[in-house]
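Architecture and fold: a report
In case you want the letters, here they are:
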Amino acid sequence: MPRSAKPAERVLPDQTLIIDNGAYTMKAGFAVPSPSSEDCHTIPNCIARDRGRRVWIGAQLEKCNDFGEITFRRPVEKGFLVNWEAEKTIWDNTFIDKAAKLACDPGATNLVLTEAPNTPAALQKNCDEIIFEEYEFASYSRCLSPSLNAYNDIQSLYGVPHRGPSVDALPAECLLVIDSGFSHSTVTPLFNGRPIHQAIRRLDIGGKFLTNYLKELVSIRHYNMLDETHLMNEVKESICYVSEDFKRDLERTWKGTSASRKKSLEGERDIVVDYVLPDYNAHKQGFMRPHDPSLIAKMRKMGSLSGSGDAVEDYMTLANERFTVPELLFSPGDLGMKQEGLPGTVLQSLSGLPPSLWPSMLANILVVGGNSKIEGFMTRLETEIRQLAPAECVVRIARASDPIKSPWLGGAHLAANRTALKAVQITRQEYQEHGSGWLGKVFSGSVPR
Amino acid sequence: MPHVEVLPNSTSVRAPGYALVPDAGTFQAPAQQTSGKKRAARSLGLAGGDTTVRQQNAVLKHLAELDKDSHRDVQIPVPKDNAGRASKKTTLNVRRILMSQKTFANHLADEEAAIAQQHTGTSTATSRTKPIPNLKRASTSELQAIPGSGASQNAPRSVGGLPPSATRDPLDDDLLLKSYVPVAPSEEVMEALLSAPPLSYNAARTGPPPTGKPQRQFCEICGYWGTIKCMKCGARVCGLECKGAHDDGRCLKFYV
Ligand SMILES: [Zn+2]
Ligand SMILES: [Zn+2]
């Protein structure tokens with residue numbers, strides 16, 4: 001690509017801050033020569049208020065013990081940075097205040113900041129203006145969060161030997177990134193680390209949606225949990241799994257199925273589990289355990305045994321909730337949503353590419369985002385993509401070793417290479433010369449810098 | 001047993017132990033007949049069989065509800081000692097952005113309005129600049145032009161007939177890739193692909209699945225197959241026990 005001589009002369013400060021600014025958490029930290037997950041901090045991207053009306057900002061939540069009825073204000077809405085009043089409060093608390101966890105002087109720092117694909121242009125402009133006019137970072141690049149994954153050593157995930165230091169700085173040539181996070185799930189094809197915008201597709205289901213659905217089911221069937229989003233997210237993370245055979249599992253968990261039939265249907269273990277609810281007063285975490293149908297358990301729940309010194313234990317029995325909730329990622333039609341599931345979304349994304357690229361994309365699928373950690377998710381995704389893909393295409397699919405921090409790590413690898421970093425950063429001086437309209441075009445790839 | 005209908009369903013696993021008979025009488029309920037809106041929806045063939053406009057709206061409302069951060073409106077003001085920090089001079093831009101209380105829905109409406117204006121102004125200018133016809137965001141029918149999911153009309157070449165690559169990459173020796181290495185598109189094609197602008201938020205949303213796949217219906221109480229439909233509100237249940245629970249607490253609640 002033609003580049004003017006000017007960028008090479010630019011001088012960037014040594015320090016680079018990378019922020020993967022998610023709706024649920026931001027992943028942030030300073031670039032180091034050989035970055036690892038420990039260099040990346042996961043900070044709640046929210047302002048929270050507990051039932052005692054105390055307000056917690058971002059990282060302060062680490063010290064919060066009582067999450068009962070806690071409410072959140074999130075500056076990132078549906079995956080997009082919408083409210084800068086709240087975001088600035090959290091960022092100041094994280095990066096600017098003297099006692100901040102990642103305190104820095106923006107004027108002597110390069111910033112690599114991520115955004116979700118298909119961000120409305122007005123929000124991008126807001127972001128650029130805040131970065132250069134309010135924080136005054138020395139240099140800045142705004143890129144798609146999925147794109148940064150290309151700078152990690154992807155091939156080793158497929159069991160291919162390390163490429164060697166000479167190609168370390170180069171992004172993977174073809175990469176199809178499936179990012180299933182808090183707000184939504186996206187499919188992004190990358191070529192040499194650059195997104196092919198026209199082929200990016202989004203399924204409007206993410207972890208938040210799944211948590212809310214579980215919350216609704218539990219509120220119908222067990223307790224009113226409508227004000228317990230935080231708790232239900234924990235329940236979801238500990239009990240949910242993606243079924244390999246949905247019909248079979250639904251039959252196995254039908255309340256009318258007799259115990260003997262259940263036994264014969266089940267191969268290895270029962271699906272039904274109990275989730276013991278946390279006791280915030282006693283600082284006790286909630287946890288899952290095998291279902292205990294005995295009377296003792298029921299009595300303990302009723303409080304009949306509380307005289308014996310044991311605390312009253314509250315639990316709920318969960319069965320088909322375990323797999324009907326994450327099933328939505330594969331079958332949004334189960335709730336009447338007129339969108340294809342994640343495997344179909346991958347194929348819709350490919351349809352925006354020349355077919356000659358399909359084999360390389362299908363052979364290099366990387367999965368990131370919190371939902372990929374749900375048990376059974378990867379197996380089901382791989383099975384269904386294989387079924388949909390052209391028979392002659394090899395399908396290789398891998399989950400990042402750290403699916404939450406993978407984009408941040410990619411950004412850190414990029415930043416570790418000064419030449420590569422210089423090629424993407426825009427300095428504050430350039431912004432002042434050319435303005436935010438020009439900046440938007442540079443970051444979208446339509447104008448070479 | 002009024003207001004109960006057993007539905008023919010491809011996934012139909014009849015609730016064991018029940019033999020419910022469809023009640024033709026209740027199907028003629030006045031509410032079902034008088035609404036002209038609903039009749040119109042039916043004649044338009046909206047969705048499959050038993051979906052009325054009202055039920056579709058209920059589904060949309062439910063989906064929007066599930067996509068919210070909180071089931072009630074949360075107002076958490078920024079703490080005072082943080083809010084007034086901007087001691088140094090702020091630019092007009094910064095002040096405007098920090099004061100903005102626009103939601104994502106507001107921004108989305110703005111984006112859609114801008115797109116609509118563009119279309120009335122310069123008609124097809126944006127699509128004409130696109131170098132490869134296939135790159136245009138495909139319509140729903142075109143999206144199915146993928147081998148395995150339908151006939152391909154717009155794909156420039158079939159995937160099957162690709163010549164082997166002339167240039168060797170060290171990765172070609174990977175056993176998995178050896179069997180099938182396609183020739184990459186020309187540099188011009190790739191550059192055009194990479195510099196094409198992003199889609200709008202709405203245009204990037206994944207489309208519906210190929211038609212013909214019936215929606216699975218579940219009991220709204222216990223989650224088992226919803227083979228029985230409440231004639232009052234259209235909700236699904238699996239059997240009499242759950243129908244009772246539905247009538248007690250939830251009937252008409254979420255569908256009005
Ligand atoms: Zn039921
Ligand atoms: Zn009803």
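Below or above, wherever it landed, is the structure these notes cover. (Residues numbered from 1 in each chain as written. Chains lettered and ligands numbered in written order. Predicted model: local features only at pLDDT ≥ 70, side-chain atom pairs only at ≥ 80, totals over all residues. Heavy atoms only, no water.)

Regarding the packing of helix α3 (residues 121-135) of chain A against helix α6 (residues 92-99) of chain B
With their axes 9 Å apart at the nearest point, α3 of chain A and α6 of chain B run at an angle of 125° to one another. Classed by the angle they form, the pair α3 of chain A and α6 of chain B counts as oblique. Regarding α3 of chain A and α6 of chain B, the two cross each other, and that crossing is left-handed. Between α3 of chain A and α6 of chain B, the residues in contact are K125, N126, E129, I130, E133 and E134 of chain A and N93, V94, R96, I97 and L98 of chain B, respectively. Looking at the contact of α3 of chain A with α6 of chain B, its residues break down into four nonpolar, two polar and five charged. (Axes fitted to C-alpha atoms, helices over the stretch in contact; angles between N-to-C directions. Helix = DSSP H or I, 4+ residues; strand = E, 2+ residues; numbered from the N terminus. Parallel < 35°, antiparallel > 145°, perpendicular 65-115°, else oblique. Left-handed = near helix turned anticlockwise from the far one by under 90°. Contact = heavy atoms within 4.5 Å. Nonpolar A, V, L, I, M, F, W, Y, C, P; charged D, E, K, R; others polar.)

A short note on the coordination of the zinc ion (ligand 2)
Residue and element names in this part refer to chain B. The protein atoms that coordinate the zinc ion (ligand 2) are C230 (SG), C233 (SG), H246 (NE2) and C251 (SG), at distances of 2.0 to 2.4 Å. Taken together, the four donor atoms coordinating the zinc ion (ligand 2) span angles of 103 to 118° at the metal, a pattern that classifies the geometry as tetrahedral. Sequence positions of the residues that donate to the zinc ion (ligand 2) give the spacing C-x2-C-x12-H-x4-C. Of this pair, C230 sits in strand β2 (residues 228-230) while H246 sits in helix α12 (residues 240-250), placing them 16 residues apart in sequence. Each member of the pair, C230 as well as H246, carries the same accessibility label: buried. (Donors = N, O, S within 2.8 Å, 3.2 Å for Na, K, Ca; no water. Tetrahedral: all angles 85-135°; square planar, octahedral: opposite > 155°, others 65-115°. Buried < 20%, exposed > 50% of the residue type's maximum accessible area, 1.4 Å probe, protein only.)

Details of the sheet that holds strand β4 (residues 47-49) of chain A
Residues and elements named next belong to chain A. Reading across the sheet, the three strands line up as β5-β4-β6 and stay open at both edges, with antiparallel pairing between neighbours. Each edge of the open sheet is held by one strand with a lone partner, namely β5 (55-57) and β6 (71-73). Averaged over neighbouring strand pairs, the angle between their axes works out to 25° when direction is ignored. Looking at chain direction, β4 and β6 are connected through three bridges and run antiparallel. When the sheet's bridge partners are listed, I47 is paired in β6 with R73. (Pairing = 2+ DSSP bridges.)

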